[in-house]
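# Coordinate analysis (summary)
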Amino acid sequence: MSIAPIVRTVEVKATPARAFELFAARMAAWWPRGKTIGKKPHVTVVMEPHAGGRWFERDAEGTETHWGKVLAWEPPGRLLLAWQINSQWAFDPDFLTEVELTFAPAAGGGTLVTLEHRDLERFGADAAAHAATLDGGWPTLLGGFAQYADTQT
Amino acid sequence: MAKSQTALDSFAALGDGTRRAIFERVAARPSAVGELARGLPVSRPAVSQHLRVLKEAGLVSETPDGTRRIYRLDPRGIAAMRDWLDAHWVSALDAFKDFADEQADQETPE
């Protein structure tokens, strides 16, 4: 079973190099509040600037909660991340989906930022693997969706 | 609301141990009723009944294969996950744009 990747674009005023820097190095400043997975609110989000670098959030007490890792660090044009947050919204080193960012010059001097989150069928396999446990993965992810759906009505 | 009702149905559908075992097997490999019943300590009609519940909950789907029906994981379950994740990225990229443009406005262009 293959699921179509999520592809989203947004245009920003900054140059590709600056947009790449703001995206990667200043993630804590713009990442939506409450959309992190640590037990306590994050004070920073760290993306180590090289292939193989870690990607994690850190709370006020210094506790680090991993999100994934950097697979390719190619400023100003491309950033490839491993999203290792599974269907239970927990970090799982054995779970890996790819998130690729590209930063392309736009007509007006800004940058077209394209995000692609792929390998989504792995969420299904992961959810099925958790389905036999008490807090089954499938109900968890559908529960999360239900909360989202309720905000849309 | 219809979608969240489905989510509640899914939760209830997996509340039964035998049903979870059937779901796991279907998730691991598309199977016919007979194959599923062979590995489980329940009758074939009982397996069919459980599959009906799983199907109504949107967790498995069936396709005909000659005289048999093959049950597999319903992609709609994953579609729900995808929708949720998609909405997450939309709000994250919107937030990124707001932040990046604010920074650009503060930096003197010339």
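Just so it is clear, the model here is predicted, and its values are computed rather than measured.

Conventions adopted
Note on numbering: residues in each chain are counted from 1, in written sequence order. Both sets of labels track the order of writing: A upward for chains, 1 upward for ligands. Side-chain atom pairs in this predicted model are given and counted only at pLDDT of 80 or more, local residue features only at pLDDT of at least 70, and totals for whole chains, interfaces and linings cover all residues. Only runs of H or I of at least four residues qualify as helices and only runs of E of at least two qualify as strands under DSSP, and these elements are numbered from the N terminus. With C-beta atoms placed from the backbone, the exposure class of a residue follows from how many other C-beta atoms lie within 10 Å of its own: 20 or more, buried; 12 or fewer, exposed; in between, partly exposed. Two residues form a contact once the distance between their C-beta atoms, set from the backbone, is within 7 Å. In this scheme, a helix's expected span is set at 1.5 Å multiplied by one less than its residue total. The arc in question is traced by the directions running from the helix axis to the C-beta atoms. In this description, a nonpolar core means buried residues of the types Ala, Val, Leu, Ile, Met, Phe, Trp, Tyr and Cys, linked to one another by C-beta atoms lying within 7 Å. The pLDDT value expresses, per residue, how confident the predictor is, ranging between 0 and 100. Only the stretch in contact is used when fitting a helix axis, every axis being a line fitted to C-alpha atoms; angles between N-to-C directions are given from 0 to 180 degrees. Small angles under 35 degrees read as roughly parallel and large ones over 145 as roughly antiparallel, with 65 to 115 read as roughly perpendicular and the rest as oblique. We call Asp, Glu, Lys and Arg charged. Ala, Val, Leu, Ile, Met, Phe, Trp, Tyr, Cys and Pro are nonpolar, and the rest, Gly among them, are polar. At least two bridges found by DSSP between two strands are what make those strands a pair.

Let us look at the overall build of chain A. The helix and strand tally for chain A stands at 4 helices and 7 strands. Within chain A, buried positions represent 35% of all 153 residues. Here the contacts in chain A between residues at least 6 apart in sequence split such that 41% fall between residues at least 24 apart.

Turning our attention to helix α2 (residues 17–28) of chain B. Residue and element names in this part refer to chain B. Here α2 spans 17 Å end to end across 12 residues, near enough to the 16 Å set by a 1.5 Å rise per residue. Listed in full, the buried residues belonging to α2 are Arg-19, Ile-22, Phe-23, Val-26 and Ala-27. In an axial view of α2, the angular spread of the buried residues amounts to 135°, which keeps them on one side of the axis. Across α2 from its buried face, at more than 90 degrees, point the exposed residues Gly-17 and Ala-28.

In this section: the nonpolar core. In this structure, Ala-19 and Phe-23 of chain A are the most contacted members of the largest nonpolar core, which totals 24 residues. Here this core takes 5 residues from helix α1 (residues 16–25) of chain A, the largest share from any one element. Residues Ile-22, Val-26, Leu-36 and Leu-59 of chain B belong to the second largest nonpolar core, which totals 12 residues.

Here the focus is unusual backbone geometry. All names here are of chain A. In this structure, the amide linkage connecting Pro-75 to the following residue, Pro-76, adopts the cis form with an omega of 5°. Topologically, Pro-76 is positioned in the loop between β4 (64–74) and β5 (78–83). Located in the positive-phi region is Asp-119, a residue other than glycine, with phi close to 70°. Within the secondary structure layout, Asp-119 lies in the loop between β7 (111–118) and α3 (121–130).

Our focus in this paragraph is the environment of Ala-24 of chain A. Residues and elements named next belong to chain A. In this fold, Ala-24 is placed in helix α1. On the basis of neighbour count, Ala-24 is assigned to the buried category, with 21 C-beta atoms found within 10 Å. For the pair Ala-24 and Val-45, spaced 21 residues apart in sequence, the C-alpha to C-alpha distance is 9.0 Å. The residues touching Ala-24, leaving out its near neighbours within four places in the chain, are Met-47, Pro-49 and Leu-79.

Looking now at the confidence of the model for chain B. Residue and element names in this part refer to chain B. Chain-level statistics for chain B give a pLDDT mean of 79 and a share of 75% at 70 or above. Every residue in residues 1–8 scores below 50 in pLDDT, and together they form 11 contacts with partners more than four places removed in sequence or on other chains. Complex prediction metrics read pTM 0.68 and ipTM 0.81.

Residue and element names in this part refer to chain B. Running from N to C, α2 and helix α4 (residues 44–56) point in directions that differ by 80°, and their axes come no closer than 10 Å. Regarding the angle of α2 to α4, the classification is roughly perpendicular. Within the contact between the two elements, α2 uses Thr-18, Arg-19, Ile-22 and Phe-23 and α4 uses Val-47, His-50, Leu-51, Val-53 and Leu-54. Broken down by class, the residue content of the contact of α2 with α4 amounts to 6 nonpolar, 2 polar and 1 charged.

All names here are of chain A. Taken in spatial order, the 7 strands make up an open sheet running β1-β7-β6-β5-β4-β3-β2, and their pairing is antiparallel. If you trace the sheet from one side to the other, it starts and ends with β1 (6–12) and β2 (42–47), each paired once. When strand polarity is set aside, the average angle formed by the axes of neighbouring strands in this sheet is 20°. One ladder, built from 7 bridges, connects β1 with β7; its direction is antiparallel. Bridging from a neighbouring strand, Glu-11 pairs with Leu-112 of β7.

On to the sheet that holds strand β3 (residues 68–73) of chain B, then. Residues and elements named next belong to chain B. Across the sheet, 3 strands lie side by side as β1-β3-β2; this open sheet has antiparallel pairing. Looking at strand neighbours, the two that pair on one side only are β1 (31–32) and β2 (60–65), the edges of this open sheet. Pairing analysis gives 6 bridges linking β2 to β3, with the strands arranged antiparallel. Residue pairing in the sheet places Pro-64 in a bridge with Arg-69 of β3. Contacting β1, β2 and β3, α2 runs over the sheet at an angle of about 90° to β3. Here α4 sits on the sheet in contact with β2 and β3, set at roughly 120° to β2.

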